Amino acid sequence: MQKRYPEWLNTQVILEAMKRREEGILSDRLNMWIENLLEINHKKY
């Protein structure tokens, strides 16, 4: 199965996702995506 990654990243979208992740309001799927993208450890809320 081919992995799907964006061809480009919008900084504003990444920053908003990081902010929402810190607030604990990011969806599970997007949380996994941002963690994989930025290679950060899983954070439990």
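Structure's up top.
Okay, so let's go over this structure. (Residues numbered from 1 in each chain as written. Predicted model: local features only at pLDDT ≥ 70, side-chain atom pairs only at ≥ 80, totals over all residues. Heavy atoms only, no water.)

### Some details on helix 2 (residues 28-38)
Okay, so step 1: Among the residues making up helix 2, those that are buried are N31, I34 and E35. The arc enclosing the buried residues of helix 2, seen along the axis, measures out at 100°, which places them on a common side. For helix 2, the exposed residues set more than 90 degrees away from the buried face come down to R29, M32 and N36.
Okay, so step 2: Within two residues after helix 2, E39 carries a phi angle of roughly 55°, on the positive side. (Buried < 20%, exposed > 50% of the residue type's maximum accessible area, 1.4 Å probe, protein only. Helix = DSSP H or I, 4+ residues; strand = E, 2+ residues; numbered from the N terminus. Arc of directions from axis to C-beta.)

### So, unusual backbone geometry
Okay, so step 1: Of note in the backbone geometry, E39 takes a positive phi value of approximately 55° without being a glycine.
Okay, so step 2: Mapped onto the elements of the fold, E39 is located in the segment after helix 2.
Okay, so step 3: Looking at E39, the relative accessible area reads 72%, which means it is exposed.

### Some details on the pattern of salt bridges
Okay, so step 1: In this structure the tally under the stated criterion is three salt bridges.
Okay, so step 2: Taking the shortest distance from any N to any O, the salt bridge between E22 and R21 comes out at 3.6 Å.
Okay, so step 3: According to the relative accessible area criterion, E22 is exposed, its value standing at 53%.
Okay, so step 4: For E35, the salt bridge is made with R21, and the minimal N-O distance between the two is 3.2 Å. With a gap of 14 residues between them, E35 in helix 2 and R21 in helix 1 (residues 11-23) connect regions that are remote in the sequence. Judged on exposure class, the residue E35 and its partner R21 are both buried.
Okay, so step 5: Residues joined in a network through salt bridges with shared partners are R21, E22 and E35. (Salt bridge = Lys/Arg side-chain N within 4 Å of Asp/Glu carboxyl O.)

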